[in-house]
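For reference, the chains in residue letters:
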Amino acid sequence: MSLRSAATGPDGLVVIEASGKLGAFRRAIEHVGWNFGVVATLGHLYEWPTSLRHPGVCRRSDGGLVDHGRRAARPEVLAHVTQRLSGLRPNSTVILATDNDDEGHAIAADVAALVREHCVGARLQRALPGAITLGAIASALSRAQVYEPGAETLGVARRQVDRVIGAGWSDLEGRKPVGRVLSALLRSVDRLPVSTERKQHVIHDGRIDIVVECPGRGVELSSGDLRLGGHGRVAAEAPPNYFDAIGILEDDAGIDIASAAALLQELYISGKIGYPRTTRRGFDPAAAATAEVEARRLGLARFGDISSEPAVDQYRDDAHPAIALTEDGWASADVLRPLASRSTPRERVLAALARRSIASVLTVEAPGIEVLRPDLRIRGARIAGLPWMARHVPATRDVSVGRALVDRMEDEGIGRPSTVVAHAAKAQRMGWVSSSGALSPEGRAVLAAAPAGLDAAASRAVEDVLRGAAQSGAPIAAARAIEWLQDCFPSRADALEAVLEPAAQLDLPDLSMTEDLEHDDAPSLRL
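Bear in mind the structure is a predicted one, so any value in this text is a computation, not a measurement. (Residues numbered from 1 in each chain as written. Predicted model: local features only at pLDDT ≥ 70, side-chain atom pairs only at ≥ 80, totals over all residues. Heavy atoms only, no water.)

Scanning the chain from N- to C-terminus turns up 19 helices and 17 strands. The C-alpha extent of the chain, read off along each of the three principal axes, is 70 × 60 × 40 Å. In the chain, buried positions account for 55% of the 527 residues. Restricting the contact set of the chain to residue pairs at least 6 apart, pairs at least 24 apart contribute 74%. Looking at the chain as shown, the accessible area adds up to about 22,500 Å², and 51% of this sits on carbon and sulfur atoms. For the chain, the centre of its 61 positive side-chain charges and the centre of its 68 negative side-chain charges are spaced 5 Å apart. (Helix = DSSP H or I, 4+ residues; strand = E, 2+ residues; numbered from the N terminus. Buried < 20%, exposed > 50% of the residue type's maximum accessible area, 1.4 Å probe, protein only. Contact = heavy atoms within 4.5 Å. Areas by Shrake-Rupley, 256 points an atom, 1.4 Å probe, with all protein chains shown as cover. Lys, Arg positive; Asp, Glu negative; His and termini not counted. Charge placed at Lys NZ, Arg CZ, Asp CG, Glu CD.)

Let's shift gears to the packing of helix α8 (residues 242-253) against helix α13 (residues 401-412). At a minimum axis separation of 10 Å, α8 and α13 run at an interaxial angle of 165°. It follows from the interaxial angle that α8 and α13 lie roughly antiparallel. The two elements α8 and α13 meet at a crossing, and its hand is left-handed. Here Phe 243, Gly 247, Glu 250 and Asp 251 of α8 come into contact with α13, specifically with Arg 403, Val 406 and Glu 410. Taken together, the residues of the contact of α8 with α13 sort by class into two nonpolar, one polar and four charged. (Axes fitted to C-alpha atoms, helices over the stretch in contact; angles between N-to-C directions. Parallel < 35°, antiparallel > 145°, perpendicular 65-115°, else oblique. Left-handed = near helix turned anticlockwise from the far one by under 90°. Nonpolar A, V, L, I, M, F, W, Y, C, P; charged D, E, K, R; others polar.)

In this section: the pairing of strand β14 (residues 362-371). Relative to β14, strand β12 (residues 226-235) runs antiparallel, the two sharing eight bridges. Bridge pairing in β14 places Leu 228 opposite Ile 369. Of the pairings in the sheet, the one linking strand β13 (residues 305-306) to β14 comprises two bridges and is antiparallel in character. Across the sheet, Ile 306 pairs through a bridge with Leu 362, a residue of β14. (Pairing = 2+ DSSP bridges.)

Looking now at the pairing of strand β10 (residues 197-205). Two strands pair when backbone bridges link them, and β10 and strand β16 (residues 396-398) are joined in this way by three bridges, in the antiparallel orientation. Paired with Lys 199 across the two strands is Thr 396, which belongs to β16. Inspection of the sheet shows β10 paired to strand β11 (residues 208-215) by eight bridges, in the antiparallel sense. Residue pairing across strands places Asp 205 opposite Ile 208, the latter belonging to β11. Linking β10 to β11, which pair antiparallel, is a turn of two residues; within it Gly 206 sits at a positive phi near 65°.

So, on to unusual backbone geometry. Positive phi, close to 65°, is recorded for Asn 91, a residue that is not glycine. Looking at where Asn 91 falls in the secondary structure, it is placed in the loop between α3 (75-86) and β7 (93-96). Even without a glycine there, the phi angle at Arg 175 is positive, about 55°. Position of Arg 175 among the secondary structure elements: in the loop between α6 (153-169) and α7 (180-191).

Glancing now at the pattern of salt bridges. Inspection of every chain in the model, using the stated rule, returns 46 salt bridges. For Arg 397, the salt bridge identified is with Glu 213, shortest N-O distance 2.5 Å. Residue Arg 397 is located in strand β16, and its partner Glu 213 is located in strand β11; the two are separated by 184 residues in the primary sequence. Accessibility assignment for this pair places Arg 397 and Glu 213 in one class, buried. (Salt bridge = Lys/Arg side-chain N within 4 Å of Asp/Glu carboxyl O.)

Purely geometric stuff here, so don't read any function into it on its own.
Have a look at this one:
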């Protein structure tokens, strides 16, 4: 049954995760004329106990891992969501419209379990709006598909593995946490402190300057660090991903990393930008076309060829394209006005993101440059005369320690966009990384609690194991990752196993959440 025909009969319900989106979803539902309500979970419905002394993960008879002991994150919210579901009429439709990321998929799976328990016979569907605008939401709802369990596998399995690592390897008495991401970050900083100074080397080529940057005081570029090739047309800059946006907010608005992450989320929820926590540096065709229109409207063709083609990225390793302004965002972004004259960080950030978007469709003739050192970055091409381009590139520039940590995590593949800022901010807040960017004595004490090989490579390898086993479901994927860790760190293997209780001893149904959702006659898995 289509959504439209379902909406003319019994009432339906759209479930989202953030209360800030409620107004936009209500307007979209009214716009399409459906008799649907909308409810927000306010993030995850369930959480583990704060103390790692109660890990909350147990082992099934087939070796798979399942959650145990998760409790309501906000009991009143869980009660409200359950009440809304229970009040639906038979055969109504529930649309899960949480974010299209691991956290959103996990929330959707928890809500789906509630629907099976409290709204028997309801049709479950999944909608994935990429931006919180009327058009994007209405389009996503109209194209909602039958909910298929499985998308939550990586998020569920990852949180189980990280919980077991924390419970099994942390020094709880000494208050020294061990984590797959945290320990990898501290070990990286211990090996090579992060630098807050960036050396900038400019390669002049007519009206074009290519800026190459390397971190570190006293570090200089040599002729063997770069290889110059023939000329070709390149975009002045690439469309921004999450890591770029964090840097843009610091450089152009003076905002620290935690505030930057919060502001990007606020701009997303308010419908000014698309989904922010993306790793891609390429727009979808529609966003690139919009940037091209804006570049032509501003008369920038005199600075280079304007074409959306270089800004489009068809590679779909990440579900979300680069951060793009929505129609509302473009309307709020005065590109040519100096950033310093903006009254709020919000205005400065929208203008800075708009400039980056326009630069991604402005192509210039430039020399091909290949960097031969892993710590080098090409910051893009500077076009002489472009209104917002500074006339002079300083030999050095400073960044915050938090920004340097986030950059390090991106470079080494430590963590994900949804977690990097929290880890970097915590490392600073707890004093584990000093103001100079080096590991502090307290940080070394925390790192000493982790196995010696728990580094960036190990963190990435766990992700690879999880992805490789994802088709088998979260319980098996998590179990295989734990087995990999036990094989790699045999002296600490028993500590991981010790925190896993057999499911049979806890009187749990021997079913994974995915199995529970796939079979209508399966007993309900109570969380």
